[in-house]
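What follows is each chain in one-letter form.
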Amino acid sequence: MGDIDAAGARQSSRPIEVRRFRGGALGLEDDPDLVATEEPFEIRVGYSRRDGSRAEEPVSVTMRTPGHDEDLAVGFLFTEGIIKSGSDVQSVTARGQRAADGLTNVVRVELAPGVSVDFKRLERNFYMTSSCGVCGKASIDAVAVQGQYDVGAVPFRMSGAALGRLPAALKTQQAVFEQTGGLHASGLFDAEGTILALREDVGRHNALDKLIGNELLRGEVPLHRNGVIVSGRASFELMQKSKMAGVPLVAAVGAPSSLAVELAREFGITLVGFLKPDRFNVYSRPDRVV
């Protein structure tokens, strides 16, 4: 389930010609290489007005790697608190190419009748995160207001040995990273350390939104029985999205930020960093590692 198929991998990378420097000299001819695809992506929301008519509102434009676009759109709306559950989504429609303004990909998420959207909050750029220069306390308070699930009460447990197997398992399933070396990955795993699903993207937050969006559409959120592993560092934004999805354990191959640690400790998420087969750091809720 977690593997990216061959067609998806081709869409997520592009061939280019490069000149290679090897053995102390620059080559005389170009060689083929693959780079990760990065393109603009617009998310639109279709919703009901008070008079019952339908309207459309653009929500966000982000740079992303093509593939699993419907998952990305739904996951983004959920982790930013715009929708509350998969039942809020009536349909997701790919709009295709719009050459006039340079956007090559547009997705419209049709909300079910009666689902309201706070567009004023959208104009405030969703959460007050660390990247916005707002203090950590305000950022964490914003997550507390929107989060639905008590992650701290989730009785999730797994062994240190199972955690140690995750980086190799993640790399095995990273189809596009093996080709390009240029993508972040987020993987969903169970208590035995098995990777159940994986998504890749040039943006680490996009990869996690794709993963969560897929699980939301499958009716699996909250993700109380699973953990999430990310291929790079653990940022505040990744912890925020994990909290929104009810994830009890987040493991990062790289380092966590200070605000990520604060959020994990505030909400009872087990945060693991510098994950390697035989060693790692546990920054919060070590009781879940047995």
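All values reported here derive from a predicted model rather than from experimental measurement.

This paragraph deals with helix α9 (residues 236-244). Most of α9 sits inside the fold, with nine of its nine residues counted as buried. Count one or two residues on from α9 and you reach Gly246, which has phi positive near 75°.

Our focus in this paragraph is the environment of Lys210. Mapped onto the secondary structure, Lys210 falls in helix α8 (residues 204-217). Take Lys210: its relative accessible area is 1%, and that puts it in the buried class. As for Lys210 and His68, which are separated by 142 residues in sequence, their C-alpha atoms are 6.6 Å apart. In this structure Lys210 touches Thr65, Pro66, Gly67, His68, Asp71, Leu72, Arg199, Glu200 and Asp201, once residues within four positions along its chain are discounted. A distance of 2.8 Å separates polar atoms of two side chains, one belonging to Lys210 and the other to Asp201.

Pairs can form between side chains of opposite charge whenever their charged atoms are close. A complete count under the given rule lists 15 salt bridges for this structure. One salt bridge connects Lys210 with Asp201, and the closest N-O pair in it is separated by 2.8 Å. Judged by its relative accessible area of 0%, Asp201 is buried. For the salt bridge of Lys241 with Asp209, the shortest nitrogen-to-oxygen distance reads 3.1 Å. Here Lys241 is found in helix α9, whereas its partner Asp209 is found in helix α8, with 32 residues between them in sequence. By relative accessible area, which is 4% here, Lys241 ends up buried. Looking at Asp209, the relative accessible area reads 0%, which means it is buried. By sharing partners, the salt bridges in this structure join Glu42, Arg44, Arg54, Glu56, Arg108 and Glu110 into a single network.

Turning our eyes to something else, we now look at the environment of Gly254. Examined against the element boundaries, Gly254 turns out to sit in the loop between β12 (249-252) and α10 (258-267). Residue Gly254 is classed as buried on the basis of its relative accessible area, which comes to 16%. The spatial distance from the C-alpha of Gly254 to the C-alpha of Leu275 is 7.0 Å, given a sequence separation of 21 residues. Filtering out sequence-adjacent residues up to four positions away, Gly254 remains in contact with Gly232, Arg233, Gly273 and Phe274.

This part takes up the pairing of strand β10 (residues 195-201). The element β10 is largely enclosed, with a buried count of six among its seven residues. Alignment of strand β9 (residues 184-189) against β10, held across six bridges, turns out to be antiparallel. Bridge assignment links Ser186 to a residue of β10, and that residue is Arg199. Joining the antiparallel neighbours β9 and β10 is a turn of five residues, in which Gly193 adopts a positive phi near 85°.

Following the criterion strictly, the structure yields zero aromatic pairs and no others. Residue placement shows Lys243 over the ring face of Phe267; its charged tip is 4.9 Å from the ring centre.

Moving on to helix α6 (residues 166-173). For α6, the full list of buried residues reads Leu166, Pro167, Leu170 and Gln173. Down the axis of α6, the buried set is contained in an arc of 130°. They therefore lie on one face. Of the residues in α6, the exposed ones pointing more than 90 degrees away from the buried face are Ala168 and Thr172.

Right, let's talk about the confidence of the model for the protein for a bit. Predicted confidence across the protein gives a mean pLDDT of 84, with 83% of residues reaching 70 or more. Ranking the elements of the protein by mean pLDDT puts helix α1 (residues 6-11) last with 46 and β12 first with 98. Segment residues 1-10: pLDDT under 50, and 15 contacts once partners within four positions in sequence are set aside and those in other chains are kept. When the criterion is pLDDT under 50, residues 124-134 qualifies, and its contacts beyond four places in sequence or with other chains add up to 28 contacts.

Calculation criteria
- Residues numbered from 1 in each chain as written.
- Predicted model: local features only at pLDDT ≥ 70, side-chain atom pairs only at ≥ 80, totals over all residues.
- Heavy atoms only, no water.
- Buried < 20%, exposed > 50% of the residue type's maximum accessible area, 1.4 Å probe, protein only.
- Helix = DSSP H or I, 4+ residues; strand = E, 2+ residues; numbered from the N terminus.
- Contact = heavy atoms within 4.5 Å.
- Polar contact = N/O pair within 3.5 Å; in protein donor to acceptor, adjacent residues only side chain to side chain.
- Salt bridge = Lys/Arg side-chain N within 4 Å of Asp/Glu carboxyl O.
- Pairing = 2+ DSSP bridges.
- Phe/Tyr/Trp six-rings, centres within 6.5 Å; stacked < 30°, edge-to-face > 60°.
- Lys NZ or Arg CZ within 6 Å of the ring centre and 35° of its normal.
- Arc of directions from axis to C-beta.
- pLDDT = per-residue confidence, 0-100.

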